[in-house]
Amino acid sequence: KTLKETYGVSDSVISVIPNAVGDEFYPIEGFAETIGYQELRRDLKLGDAHPIVLFVGSDHPRKNLPVALEAFTKLQKKRPDAVFLKVGDPGILAGREVTLATIDQLSIKSSVRLLGNVSYGKLNLLYNLSDVLVFPSTYEGFGLPPLQAMAAGLPIVTSSTTSLPEVVGDAALTHDPADVDAFSSSLERLTSEREAREEYRRQGLNRAKLFSWKKAAREVQAVYQSL
């Protein structure tokens, strides 16, 4: 759509080839009963915290982190033991300043963990540790974290804008990125209703299977061959 509107080109000269995830993201069966699970909780100083809300991305304004933090704060009023994990370096200093100011304003500093960048291996552990991914971006060219989360079996609340509906389909709860109340309500639903959580987990796992690097490579090759 953006290409068509900006450059005035037709559908016939545009090929849309989605990204994918490999086998580095997957559900870890029985993870909660492992020593690794307990060690990860200890390293993150989680104690008995539950639920765990995960955010993966930078502090860039388009990532819309303040909305995620505000939605989490509303959830925490009903779930006082909830913890917010933020994975990803700031990206820009001004963004981190806004993040820290928002955390102070909301008085949730003790409930937030800022982790920085992590390896794919640890990120998969965090997807398996968490109860829900919140991803309220205002703009994404694709949006890998929701796809990674689906492949790992983690339910998602994300935006209904740009590429994200094409990535998650019906396998996630989606909202206007400015609607804090809607995000908070969906966070509460996915962390409180077991049936809803399991349904979106199942749908996400099935949805993730539609994306593969082999498929993407074949489609790129086909474009070259057609030219």
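Preceding this paragraph is the structure being described.
Below is a summary of the structure that appears in this document. (Residues numbered from 1 in each chain as written. Predicted model: local features only at pLDDT ≥ 70, side-chain atom pairs only at ≥ 80, totals over all residues. Heavy atoms only, no water.)

## Focus: the side chain of Ser163
1) Next: By secondary structure assignment, the location of Ser163 is in the loop between strand E5 (156-159) and helix H7 (164-168).
2) Next: On the basis of relative accessibility, which here comes to 9%, the residue Ser163 falls in the buried class.
3) Next: Excluding anything up to four places from it in sequence, Ser163 contacts Glu140, Gly141, Phe142 and Gly143. (Helix = DSSP H or I, 4+ residues; strand = E, 2+ residues; numbered from the N terminus. Buried < 20%, exposed > 50% of the residue type's maximum accessible area, 1.4 Å probe, protein only. Contact = heavy atoms within 4.5 Å.)

## A look at the packing of aromatic side chains
1) Next: On inspection of all chains with the given rule, the structure shows six aromatic pairs.
2) Next: Between Phe55 and Phe84, the ring centres sit 6.4 Å apart and the planes meet at 25°, which makes this aromatic pair stacked. Taken as a pair, Phe55 in strand E1 (residues 52-56) and Phe84 in strand E2 (residues 83-87) lie far apart in primary sequence, 29 residues in all.
3) Next: Residue classification places Phe84 among the buried positions, given a relative accessible area of 1%.
4) Next: Clustering of aromatic rings is evident, with ring pairs tying together Phe25, Tyr120 and Tyr127. (Phe/Tyr/Trp six-rings, centres within 6.5 Å; stacked < 30°, edge-to-face > 60°.)

Taken by themselves, the reported measurements are silent on function.
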